[in-house]
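Understanding the architecture of this molecule
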Amino acid sequence: MAAGSRHRANTNQIALAWLLAVSPVALPIPGTATPAHLEDNLAAAALQLDQDEIDAITAAASRAMQRATQAT
């Protein structure tokens, strides 16, 4: 099951949760233009991705970076 479905979270929330999970020193600063964005961002901080989800997202990000590098 995809992380978004499992956690009932949108793509931005999963991305923020992943960033928080993979680096103890990174502090993402997401855009918060509306109260709804703020609520989404706060909900992302509460998500607990399991290791399989973190690994799957990390692998997908790596593949995307490789494709982007090859395209330039």
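The paragraphs below set out a description of the structure included in this document. (Residues numbered from 1 in each chain as written. Predicted model: local features only at pLDDT ≥ 70, side-chain atom pairs only at ≥ 80, totals over all residues. Heavy atoms only, no water.)

1. Regarding unusual backbone geometry
Although it is not a glycine, Arg-8 adopts a positive phi angle of roughly 55 degrees. Checked against the element boundaries, Arg-8 lands in the loop between α1 (3-7) and α2 (11-22). The exposure class assigned to Arg-8 is exposed, which follows from its relative accessible area of 80%. (Helix = DSSP H or I, 4+ residues; strand = E, 2+ residues; numbered from the N terminus. Buried < 20%, exposed > 50% of the residue type's maximum accessible area, 1.4 Å probe, protein only.)

2. Notes on the side chain of His-7
In this fold, His-7 is placed in helix α1. Of note is the side chain of His-7, whose polar atom sits 3.0 Å from the side chain of Arg-6. Other than its neighbours up to four places away in sequence, His-7 contacts Ile-14, Leu-47, Gln-48, Leu-49 and Glu-53. (Polar contact = N/O pair within 3.5 Å; in protein donor to acceptor, adjacent residues only side chain to side chain. Contact = heavy atoms within 4.5 Å.)

3. Here we look at α2
In a regular helix each residue adds 1.5 Å, so 12 residues correspond to 16 Å; α2 covers 16 Å between its end C-alpha atoms and thus fits that length. Buried within α2 are the following residues: Gln-13, Ile-14, Leu-16, Ala-17 and Trp-18. The inward-facing, buried residues of α2 contact α1, α3 (35-46) and α4 (51-71). Two to three positions downstream of the cap, the backbone nitrogen of Asn-12 sits 3.0 Å from a side-chain oxygen, assigning the N-cap of α2 to Asn-10. (Expected span 1.5 Å × (residues − 1).)

4. A look at α4
For α4, spanning 21 residues, the distance from its first C-alpha to its last is 30 Å, which sits close to the expected 30 Å at 1.5 Å a residue. Taking the backbone nitrogen of Asp-52 as reference, a side-chain oxygen 3.1 Å away marks Asp-50 as the first, capping residue of α4.

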